[in-house]
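Fold and geometry: a report
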Number of protein chains: 2
Amino acid sequence: MPDYTPPAPKSERILNAAEELFALHGFDGVTLRGIATAAGVDVALLNYHFGVKKKLFEVVFMRRAEILNEARLNALLEAEASSGGRPSLEQIVSAFLRPIQRFQLTGDEGWRNYLALVGWVNSSSVWGEEMMHKSFDPLVARFIEALKKNMPDADPQRIYWAYQFFSGALTLTLAQTGRIGRLSDGLCRESDVETVYDLMIPFVVAGFRKLCMEHPEGGA
Amino acid sequence: MPDYTPPAPKSERILNAAEELFALHGFDGVTLRGIATAAGVDVALLNYHFGVKKKLFEVVFMRRAEILNEARLNALLEAEASSGGRPSLEQIVSAFLRPIQRFQLTGDEGWRNYLALVGWVNSSSVWGEEMMHKSFDPLVARFIEALKKNMPDADPQRIYWAYQFFSGALTLTLAQTGRIGRLSDGLCRESDVETVYDLMIPFVVAGFRKLCMEHPEGGA
DNA sequence: GTCTATAACTGGATAGAC
DNA sequence: GTCTATCCAGTTATAGAC
């Protein structure tokens, strides 16, 4: 039987189960026993493959960060190449967001869980600084560079703050809390990945323009 | 000795300690023993005053929500009164944010902890929906109403989404993760409450305008 | 209201057999 | 690589004395 697909190796099943549970309940809200049960493996295997709990969390978090970083960097490089090195604000923001959307649109549950986890980590005062810095800040610095080049007259402080607001808007949406659905009485759904970025991009671009390209003493 | 200020009642010391620890570590990352130690009281007192752990969390979360809601509602009513019932977008967004800023500027550590806790809850898929809905959504609905009245031609879906981006930008800043400080190499500090809202308000207002007042088939 | 004492249980981690 | 068995520190929660 050559066309029999073997079950995923147990170490991978562990990572997938951990990803989902950490995204839902955070680091302390999840037990190794809970992960083992969800993965259908023995508890002792977690220790064998990944060592202590914190190490397992880091492996889960890093696994897809590298893939996402590469996709985003490629999108930025492409935008720069196709614009003769002068990408528009829309192109820069899109290069940051569209790769996320592409992963979500594959329907892969693993990516949905992972992105919710990123939303959780980004808002955690304990995990946020260290994990986001290690995994994403090198790439974010590259995007900030592109923004500075696009708006050379802008106060850098305003670019960082605008990025912070941008990051918050994104991560709350990734976190999948269901709140907008409840607030809008079902009119809007967080899972509506098709349209959310079509709205987020103009929202964010308008904010950047206002903060970084309009000077209070000058026009408007 | 009539001008001797007594120490805060133990039940209040418990709430203050719980507020700080929950804000830092979330619900599951905090133990009742840790709270009792931080408050300088016996563990059994937590149970005596507040019952089970979840109930204590809810009391902590509700305590200041009501104060904040009232301040925000008053700010909105004032904006409506002073504008003949037609507050500008800036006025509405300011009525939502400036009361938070006022509480932060008092320097009261309790408010800083509480607002970080709100940031954490808003991004939690377990706690976010229920707690935010119960504590804040009635007031938020009132603000959405004001936004709809200000932009009667806007697609309501776009108003809800813009609010979602707004809410994310705010809560990430409240969460006090220290990330923007690290990313900007110390150039920006989350604790710089004096200026952050002066930037957040125009950022958000520009986003609302773009999403809700410009029609793709029409101008710009 | 407050503290002592403890019940009843769950947590992470690992030694050692297969 | 995998599972059985177990250690034991730490957890919530409460009964009962003061």
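One structure accompanies this document, and this report is about it. (Residues numbered from 1 in each chain as written. Chains lettered and ligands numbered in written order. Predicted model: local features only at pLDDT ≥ 70, side-chain atom pairs only at ≥ 80, totals over all residues. Heavy atoms only, no water.)

1. Some thoughts on helix α1 (residues 10-25) of chain B
Since the α-helix advances by 3.6 residues per turn, residues separated by three or four positions end up pointing in the same direction. Residues and elements named next belong to chain B. The following threshold applies: Under the scheme used here, helices are H or I runs from DSSP no shorter than 4 residues and strands are E runs no shorter than 2 residues, and both carry numbers assigned from the N terminus. For a helix, the expected span equals 1.5 Å multiplied by the number of residues minus one. We call two residues in contact whenever any of their non-hydrogen atoms come within 4.5 Å of each other.
A rise of 1.5 Å per residue sets the reference length of α1, with its 16 residues, at 22 Å; its end C-alpha atoms lie 22 Å apart and thus fit the reference within 8%. The inward-facing, buried residues of α1 contact α2 (32-39), α3 (43-50), α4 (53-82) and α6 (109-122). Following α1 by one or two positions, G26 adopts a phi angle in the positive range, close to 75°.

2. Digging into the environment of I92 of chain B
Residues and elements named next belong to chain B. Inspection of the secondary structure assignment puts I92 in helix α5 (residues 89-105). Taking the C-alpha atoms as reference points, I92 and L147, 55 residues apart in sequence, are found 7.4 Å from one another. With sequence-adjacent residues up to four places away left out, I92 is seen in contact with P87, F143, A146, L147 and N150.

3. Quick look at the relation of the copies chain B and chain A
The cut-off we apply is this: Residues below a pLDDT of 70 in either copy are left out; the C-alpha atoms of the rest, at least 70 in both, set the least-squares superposition of the copies.
It takes a turn of 180° to lay chain B on chain A, together with a shift of 0.0 Å along the axis; the resulting RMSD is 0.0 Å. Such a combination of turn and shift is consistent with a two-fold rotation axis. An overlap of 100% is found between the interface residues of chain B and their copies at the interface of chain A, pointing to a shared contact surface.

4. Side note on the protein's contact with DNA strand D
Worth spelling out the cut-off: The cutoff for a nearby residue is simple: one of its non-hydrogen atoms must lie within 4 Å of the molecule or strand. Each polar contact in these results corresponds to two N or O atoms within 3.5 Å; when the atoms are within protein, one needs to be able to donate a hydrogen and the other to accept it, and residues that are neighboring in sequence are counted only if both atoms are side-chain atoms. All amino acids are sorted into three groups, where Ala, Val, Leu, Ile, Met, Phe, Trp, Tyr, Cys and Pro are nonpolar, Asp, Glu, Lys and Arg are charged, and the leftover types, Gly among them, are polar.
Lining the immediate environment of DNA strand D, one finds 14 residues, of which D42 of chain A together with T31, L32, R33 and K53 of chain B sit closest. Within 4 Å of the protein, the atoms of DNA strand D are drawn from sugar and phosphate moieties in a proportion of 59%. A distance of 3.5 Å separates a phosphate oxygen of DNA strand D from a polar atom in the side chain of K10 of chain A. H49 of chain A is positioned such that a nitrogen or oxygen atom in its side chain is 3.4 Å from a phosphate oxygen of DNA strand D. Of the residues belonging to the surface near DNA strand D, the class tally is seven nonpolar, three polar and four charged.

5. Digging into the protein's contact with DNA strand C
Taken together, 14 residues form the shell around DNA strand C, and within it T31, L32, R33 and K53 of chain A together with D42 of chain B come nearest. Atoms of DNA strand C within 4 Å of the protein belong to the sugar or the phosphate in 58% of instances, the rest to bases. Contacts to DNA strand C include R33 of chain A, whose side-chain N or O atom sits 2.8 Å from a base nitrogen. Within the side chain of N47 of chain A, one N or O atom sits 3.1 Å away from a phosphate oxygen of DNA strand C. Of all the secondary-structure elements, those providing two or more residues to the surface near DNA strand C are α2 (32-39) and α3 (43-50) of chain A together with α3 of chain B.

6. A word on the packing of α4 of chain B against α6 of chain B
Geometrically, a packed helix pair is captured by the angle between its two axes and the distance between the axes. Residues and elements named next belong to chain B. The criterion, for reference: Axis definition: a line fitted to C-alpha atoms, over the contacting stretch in the case of helices. Angles run 0 to 180 degrees between N-to-C directions. Here the word oblique covers every angle except those under 35 degrees (roughly parallel), over 145 (roughly antiparallel) and from 65 to 115 (roughly perpendicular).
Two elements in contact, α4 and α6, have axes whose closest approach is 11 Å; the angle formed by their N-to-C orientations is 110°. Here α4 lies roughly perpendicular to α6, going by the angle between them. For the pair α4 and α6, contact is made by F57, V60, F61, R64, A65, I67 and L68 and by G110, W111, Y114, L115, L117, V118, W120 and V121, respectively. When its residues are assigned to classes, the contact of α4 with α6 shows 13 nonpolar, one polar and one charged.

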